[in-house]
Structures are given as C-alpha cells and as structure tokens.
Amino acid sequence: MAKPNKKGPSTTVAISCARCRAPLYRYRKGGKGALVKCFKERIVEDHTTEPGHCPGCGHEFARDTLVRGTPAFKIIGGKVLVK
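Since the model is a prediction, treat every value here as computed from it, not as a measurement.

Digging into the nonpolar core
Argument step 1. In terms of nonpolar packing, the biggest core is built from 19 residues, with I15, L24 and Y27 touching the most fellow members.
Argument step 2. Contributing elements (two or more residues each) for this core: strand 1 (12-17), strand 2 (23-28), strand 3 (37-39), strand 5 (62-67) and strand 6 (70-75).
Argument step 3. Once residues lying within four places of it in the same chain are set aside, the contact partners of I15 are P23, L24, Y25, Y27, L35, C38, V80, L81 and V82.

Some remarks on the side chain of T48
Argument step 1. Following the sequence through the fold, T48 ends up in the loop between strand 4 (43-46) and strand 5.
Argument step 2. You can call T48 buried: its relative accessible area is 13%.
Argument step 3. Here the side chain of T48 touches D46 through a polar contact of 2.6 Å, side chain to side chain.
Argument step 4. Among residues more than four places away in sequence, those in contact with T48 are L24, Y25, H53, P55 and F61.

Comments concerning the packing of aromatic side chains
Argument step 1. With the rule as written, the count across this model stands at two aromatic pairs.
Argument step 2. Plain terms: the ring middles of Y25 and F61 are 5.8 Å apart, the flat faces sit at 65° to each other, and that makes the pair edge-to-face. Of this pair, Y25 sits in strand 2 while F61 sits in the loop between strand 4 and strand 5, and the two are 36 residues apart along the sequence.
Argument step 3. With a relative accessible area of 1%, Y25 lands in the buried category.
Argument step 4. Residue classification places F61 among the buried positions, given a relative accessible area of 2%.
Argument step 5. Between Y25 and F73, the ring centres sit 6.0 Å apart and the planes meet at 20°, which makes this aromatic pair stacked. You can see Y25 sitting in strand 2 and its partner F73 sitting in strand 6, a full 48 residues away along the chain. When sorted by exposure, Y25 lands in the same class as F73, which is buried.
Argument step 6. Members of the aromatic cluster, each reached through a chain of ring pairs, are Y25, F61 and F73.

Structural notes on the environment of S10
Argument step 1. Among the structural elements, S10 can be located in the segment before strand 1.
Argument step 2. The spatial distance from the C-alpha of S10 to the C-alpha of R28 is 6.3 Å, given a sequence separation of 18 residues.

Digging into the environment of A72
Argument step 1. By the element assignment, A72 lies in strand 6.
Argument step 2. What makes A72 buried here is its relative accessible area of 0%.
Argument step 3. It is 17 Å that separates the C-alpha atoms of A72 and S16, two residues lying 56 residues apart in sequence.
Argument step 4. Once you skip the residues sitting within four places of it in the chain, A72 turns out to touch C38, F39, K40, R63, D64, T65 and V67.

Conventions we followed
Starting from 1, residues in each chain are numbered consecutively following that chain's sequence as written. For a predicted model such as this one, the threshold for reporting local features is a pLDDT of at least 70, and the threshold for listing and counting side-chain atom pairs is 80 or more; totals across whole chains, interfaces and linings nevertheless cover every residue. To get the side-chain values, all heavy atoms of the structure are used, and hydrogens and water are removed first. To form a nonpolar core, buried Ala, Val, Leu, Ile, Met, Phe, Trp, Tyr and Cys residues must be joined to one another through side-chain atoms within 4.5 Å. A 1.4 Å probe rolled over the protein chains alone gives each residue an accessible area, and that area as a share of the maximum for its type sets the label: buried under 20%, exposed over 50%, partly exposed in between. Each helix is a run of H or I in the DSSP string that is no shorter than four residues. Each strand is a run of E no shorter than two, and both are numbered from the N terminus. In what follows, residue pairs with any heavy atoms lying within 4.5 Å of each other are defined as contacts. Two N or O atoms form a polar contact when they lie within 3.5 Å of each other; inside protein one atom must be a possible hydrogen donor and the other a possible acceptor, and for residues adjacent in sequence the pair counts only when both atoms belong to side chains. Think of it this way: a Phe, Tyr or Trp ring, Trp meaning its six-membered ring, pairs with another when their centres are within 6.5 Å, and the plane angle makes it stacked under 30 degrees, edge-to-face over 60, tilted otherwise.

Rendered as structure tokens:
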C-alpha cells in the first residue's frame, strides 16, 4: 500500500481533550471526515508529555500504531475534539 504524503495538507486543526479541553496537537489534516488517526510526521505542535495521554487529566486518547508502515496514533472514539 502507498505511504501517506510526507508534506500533507496545508490546513491545520486544533485537537483538544474532550474531557478537560486541554490542547493536545496542531495537526495537518486532509479531508472532511472524522479524525481516526494522526500520522506523527504531520503533527505541527505537540502539547502532550506522554504519548497518547492528555497532559491535563491523564486519560488515554490514542494508541501508538503503524498505519501503512508509518508511525501514527489511532484515536479512541469520542476522546478528542477537533476545531
């Protein structure tokens, strides 16, 4: 399967915790669909201290995985807000 585009889209979205509203990432997201995964190479700003866990409340919002051979975070449904 093809790898994701390294540069990615130019538009960025703010990803925050659904529970405590703490900022998590600025991410270059493509398309209009729901946020299912975050490729690590597309993360512009990372506000987390521990990968996949919220810095405010400490709850897990994503799992570390490989998607098409590229490191990514699989987002757990309903744990994040995207603006």
